[in-house]
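In case you want the letters, here they are:
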Amino acid sequence: MSKFCGNCGKPMDDDALVCGNCGTPYSGETEVKGSKPVKISGVNTMAPEKKKKIKLIVKLSALGVAIIIVAVIAINIISSFTGYKGVVNTAFNAFKNYDINTLVSMTSDIAYNGMDSNKIEESISKNVSATLDSYESVAGHDMSISYDITDSYKLSDRKYQEFLKYVKQSYNYDSSDISEVVKVELDIKTKGSLGESNYPVNDLYMIKERGNWYIYKGYVGNYY
C-alpha cells in the first residue's frame, strides 16, 4: 500500500476511494517509501473550512438576491400608490364605486376653462353611470372590476409641445401650469355571474399641474 488517509493517517488500499478506518474520502495524497508525499490522481475532496466559506458565500448571495427582489416588489407597490399611478388607482376605485365627487376633484383644470363645474359633474356622472351599466349588462349585477396598466409613457418633447399648444388654443388654458404629461393605457376586467370581459382604455392622460397629478380626457368614457 502506497497511500495513506489524509485525516487519520491510516494506510489505504491503492484502489480505495474512502478510508476504511475513519470513512474520509481519499484526498489525492500518497506517500511512497523514501520520498516526500506527492499528488496523484484520485478523488478530490475539499477541506471543511473551505466548504464552510463556500456555503457562507452561497447563503449571502441568496440573501442578497432575496433582498433585491423584496426591494423591487416594495418599490412597485409604493409606486402603485404614489405619483400618477396612485392617482390612476384612486380614480379607478372612485369610478367603480360611483364616487363622482372624487372624480371631479381629480379632473384637470383644463376641463373647467369655458365649462361650468356643475356641467362637468353632470357629464362625468352620466358617462360613468352609462359605462357601469354596460359592464353590468355583460358581467351581471354581481360583477367585480379590476384593471392593469398595460402601457404608460411620458410624452416626448415634440408631443408635449403639441399638447400644450392644443390646450392653450382649444381651452384658453395657461399651459405654464403643466410640467409633465403621461399617457396611460389600461385593461379593465369585469367578472360576474354572466361572464368575463376586457375593456381597453387607450386615451387616458395624466397631467401634472402645479406639482399635482390630475386626469385629462378619456377616463372610461369621454366626458368633455
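Throughout what follows, the structure given in this document is the object of discussion. For clarity, every value in this text was computed on a predicted model and none was experimentally measured.

1. Topic: the pattern of salt bridges
Thinking step 1. Tallied over the entire structure, the rule returns six salt bridges.
Thinking step 2. Notably, a salt bridge pairs R210 with D109, separated by 2.4 Å at the nearest N-O pair. One end of the pair, R210, is in the loop between β7 (195-209) and β8 (212-216); the other, D109, is in the loop between α3 (100-105) and α4 (117-139), with 101 residues separating them in the sequence.
Thinking step 3. A salt bridge links R210 to D177; the shortest N-O distance between them is 3.3 Å. Of this pair, R210 sits in the loop between β7 and β8 while D177 sits in the loop between α5 (157-171) and β6 (178-192); the two residues are 33 residues apart in sequence, bridging distant segments of the chain.
Thinking step 4. Exposure remark for D177: the relative accessible area of 24% places this residue in the partly exposed category.
Thinking step 5. Ionic contacts of the salt-bridge type, sharing partners, join the residues D109, D177, E209 and R210 into one network.

2. Some points on the sheet that holds strand β5 (residues 144-154)
Thinking step 1. The strand order β5-β6-β7-β8 describes an open sheet built from four strands, whose pairing is antiparallel. Every interior strand has two partners, whereas the edge strands, β5 and β8, have only one. In this sheet, neighbouring strand axes are inclined to one another by 30° on average, regardless of whether the strands run parallel or antiparallel.
Thinking step 2. Docked against the sheet, helix α2 (residues 83-96) engages β5, β6, β7 and β8, running at close to 150° with respect to β5.
Thinking step 3. Of the strands in this sheet, β5, β6 and β7 touch α4, which is tilted by about 155° from β7.

3. Regarding the packing of aromatic side chains
Thinking step 1. By the definition in use, this model includes seven aromatic pairs.
Thinking step 2. With centroids separated by 4.6 Å and ring planes inclined at 45°, the aromatic side chains of F92 and Y147 adopt a geometry described as tilted. Pair noted here: F92 is in helix α2 and Y147 is in strand β5, with a separation of 55 residues, a long-range link. The pair F92 / Y147 is uniform in exposure class, with both members buried.
Thinking step 3. Residues F95 and Y135 carry aromatic rings whose centres are separated by 6.3 Å and whose planes lie at 80° to one another, so their mutual orientation is edge-to-face. Placement of F95 in helix α2 and of Y135 in helix α4 is noted, with a sequence separation of 40 residues between them. The same class applies to F95 and to Y135, which are both buried.
Thinking step 4. Here a set of aromatic residues connected by ring pairs shows up, and it is made of F92, F95, Y135, Y147 and Y199.

Parameters and conventions
- Position numbers for residues count from 1 along each chain, tracking the sequence in the order it is written.
- This being a predicted model, a pLDDT of at least 70 is required before a residue's local features are given, and a value of 80 or more before pairs of side-chain atoms are given or counted; all residues contribute to the totals for chains, interfaces and linings.
- Side-chain metrics in this entry use all non-hydrogen atoms of the structure; hydrogen atoms and water are not considered.
- We define a salt bridge as a side-chain nitrogen of Lys or Arg found within 4 Å of a carboxyl oxygen belonging to Asp or Glu.
- Only runs of H or I of at least four residues qualify as helices and only runs of E of at least two qualify as strands under DSSP, and these elements are numbered from the N terminus.
- Categorising residues by exposure relies on relative accessible area from a 1.4 Å probe, with only protein chains included: less than 20% of the type maximum marks a residue as buried, more than 50% marks it as exposed, and the intermediate range marks it as partly exposed.
- For two strands to count as paired, DSSP must find a minimum of two bridges between them.
- Fitted lines through C-alpha atoms serve as axes, helices being fitted only where they are in contact, and the angles separating the N-to-C directions of these axes extend from 0 to 180 degrees.
- In what follows, residue pairs with any heavy atoms lying within 4.5 Å of each other are defined as contacts.
- Classification of ring pairs rests on two measures: the distance between centres of Phe, Tyr or Trp rings, Trp counted by its six-membered ring, which must be within 6.5 Å, and the angle between planes, read as stacked under 30 degrees, edge-to-face over 60 and tilted in between.

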